[in-house]
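Per-entry structural report
Given next are the chains, with one letter for each unit.
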Amino acid sequence: MKKTHNAIKKISAIFLSALLVLTGCDLSTESNSEKSQDTEQTEETGGEEKESGQNEQQEQDSQQEQDSQQKQGDSENFNISSIEFAKRMIVGWNLGNTLDATDSNTNYGAGTETFWGMPKTTQAMIKAVSAAGFKTIRIPVSWHNHVSTDGKYTINSEWMARVKEIVDWAISEDMYVIINIHHDNFSVTDIATNAGFALSPTDTAIQTKSKAYLEAVWTQIATTFNNEYDEKLIFEVLNEPRDIYSGSGENHEWYFSSATEAKKYCDVITDYENTCISAIRSTGGNNAYRFIMVPGYDASGTDQTMLNSYTLPEDTASDKLILSVHAYSPYNFAMANSDSVFGSDDEASLTSIFNFLKSNFIDKKIGVVMGEASASNKNNTDERIKWAKDYFAKANAIGIPVVLWDNMIATPDGNENVSDGYNGEHHGWLNRNALQWYFPSIIQTMMKVVGVADYSIPEYVAPTESSIGWDASKATTISTESSVLQWNNDCEINKSYFSNATEGSILKITFEANGAAIKIINSSWKTYSDGTIVNGSVTSEDGVITADSTDLYYVLTAENASEWKDSNIYIAGQGGTVTGIYFQN
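Rules used in this analysis
Residues numbered from 1 in each chain as written. Predicted model: local features only at pLDDT ≥ 70, side-chain atom pairs only at ≥ 80, totals over all residues. Heavy atoms only, no water. Pairing = 2+ DSSP bridges. Helix = DSSP H or I, 4+ residues; strand = E, 2+ residues; numbered from the N terminus. Axes fitted to C-alpha atoms, helices over the stretch in contact; angles between N-to-C directions. Contact = heavy atoms within 4.5 Å. Buried < 20%, exposed > 50% of the residue type's maximum accessible area, 1.4 Å probe, protein only. pLDDT = per-residue confidence, 0-100.

Here we come to the sheet that holds strand 7 (residues 367-373). A barrel is described by the order of its strands in space; here eight strands give the closed sequence 1-2-3-4-5-6-7-8, paired in parallel fashion. For this sheet, the mean angle separating the axes of adjacent strands, direction not counted, is 25 degrees. With five bridges connecting them, strand 6 (residues 321-326) and strand 7 associate as parallel partners. Within strand 7, the position partnered with His326 by the bridge is Glu372. Helix-sheet contacts for helix 5 (residues 157-172) involve strand 2 (136-139), strand 3 (176-180) and strand 4 (233-236), and the interaxial angle to strand 3 is about 160 degrees. Sheet contacts for helix 7 (residues 259-281): strand 4, strand 5 (292-300) and strand 6; angle to strand 5, the most-contacted strand, approximately 160 degrees.

Take a look at the structure:
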């Protein structure tokens, strides 16, 4: 309105000036006066426009702040206790041996996701976990083999984007999501040539390097995952921190002979965690009061000496720290030993574990999350149902959510029920290729115990020669020579056979008898076991495939097909004789 008024006044003044000039009148004084008024009014208008613009900017800033506060405020979980927050996580599942997979300190980019035999994670997998009733997902991540080597520890952008993609899939399912630093812990010897951290109560140089790494990595993680994520994203600063045995000196990687010695190492862990928490909180926004999980030595949930020796780190946020513990318990039943029957002694062991956690942490207003737990398959499904019912019930009764460890290794390796036999890593629950569950009755027991009523847990159906589309008439014969399997005497397959390989192509290996254990590897020693397998299964975390027939089929993933075109493939193993190798595009 003011601009229109001024324009009218100017036109009027010009008209009047012309008229008076014709009459011989001098209007210089009046014109200057009018010009002065116009200038004053123009300045007034500009001032008001400037003030209006400032007000608009202030309103925008205020709205952004309100939006941020509303995002925080709408989520009441940001303002609740660690005890109550942990209760709401209910029950969880681990995306194990996936983003945490490593191959020394070598940076292979996002390809490391399948290094330990897991298929590439898909959104459908995350949906299957959510549909089964799990309310929380823990995504273990190793970072040391995805950072720059210039001492700044800059995380590879492709790797960060991949982690974010999987986190976002889980967030879209309205799940609680835990991300951490997983296999970045080295021995005091190996830390010299690796990015990561190591525990030493005496070597200040190691401590300095370790804290520099932790600060750099957590600052970048927290910057990436901040205001876009509400309280359902949780940071776990370390995983099972320990003094990894280097082969000499006293070995206390998993135990201590004295509380005094345990205290020295636990104090280093607390110091490191203080560094991590400071880095996270310094990024501000939602991270100023995000819930953070902190483990003691080994993240042990059972060793009272370790737990008593550990002191929680400091935090600027109130009641936002949650103790992170692991317990594959009772150990002889759940891990390595011949004990495959869940009895009254096992029940008593679990009672002792959860009573200790309750009296020493829960009762002291410290939330607790059981970040890893499982019972290895020993061909004892009924006994594991008993275990699940007792374990999950006791944890749930005191508000501790249990996050099931899953490495997709479900088949026993033949060492079960053997005195001192090691069979502790058969924690396969979800077949991630088929999106079906190996032991649905055990998963159902877990859900019923914790009060989850809505779930879909389809049972795994093993693929067959017919279901994968094998057609012998379309296959190329690579070799029919007999070759005795020895780890140092591999069957080599030239990459030319795979020049037309695609997702769904099939490698067939025949044996003289069943029971052979093999590895499929490339020239860079990468192991392949993430494809669909017929007449066999993955039986170890390093990708060993055990054949339960004389005919073994391996179906290539898209990534397998791409990589096999560029590298010769080797069949290594033991316990059998290869009699033929065939390939169908």
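Next, the rest of the story.
Before going further, it helps to spend a moment on the environment of Ala501. Mapped onto the secondary structure, Ala501 falls in the loop between strand 13 (491-493) and strand 14 (506-511). Not counting the four nearest positions on each side in its chain, Ala501 is found in contact with Leu556, Ala561, Lys565, Phe583 and Asn585.

Across the junction of Ser329 and Pro330, the peptide omega takes the value -10 degrees, indicating a cis bond. Along the polypeptide, Pro330 turns up in the loop between strand 6 and helix 9 (331-334). Of note in this structure, Asp174 is not a glycine but carries a positive phi near 60 degrees. Position of Asp174 relative to the elements: it lies in the loop between helix 5 and strand 3. By relative accessible area, which is 53% here, Asp174 ends up exposed.

Next up on the list: the pairing of strand 15 (residues 517-522). Of all six residues making up strand 15, six are buried, and the element is well covered by its neighbours. Where burial is concerned, the two faces of strand 15 agree: the one with Ala517, Lys519 and Ile521 and the one with Ile518, Ile520 and Asn522 are both buried. Looking at chain direction, strand 15 and strand 18 (residues 545-547) are connected through two bridges and run antiparallel. Across the sheet, the residue bridging to Ile518 is Ile545, located in strand 18. The sheet contact formed by strand 15 and strand 20 (residues 569-574) spans six bridges and is antiparallel. Residue pairing across strands places Asn522 opposite Ile569, the latter belonging to strand 20.

So, about the confidence of the model for the chain. Across the chain, the average pLDDT comes to 87, with 84% of residues at or above 70. Confidence drops under pLDDT 50 across residues 1-52; counting only partners more than four residues distant or on other chains, this segment forms 19 contacts. Confidence over residues 64-74 falls short of pLDDT 50; this stretch has nine contacts with residues more than four positions distant or in other chains.

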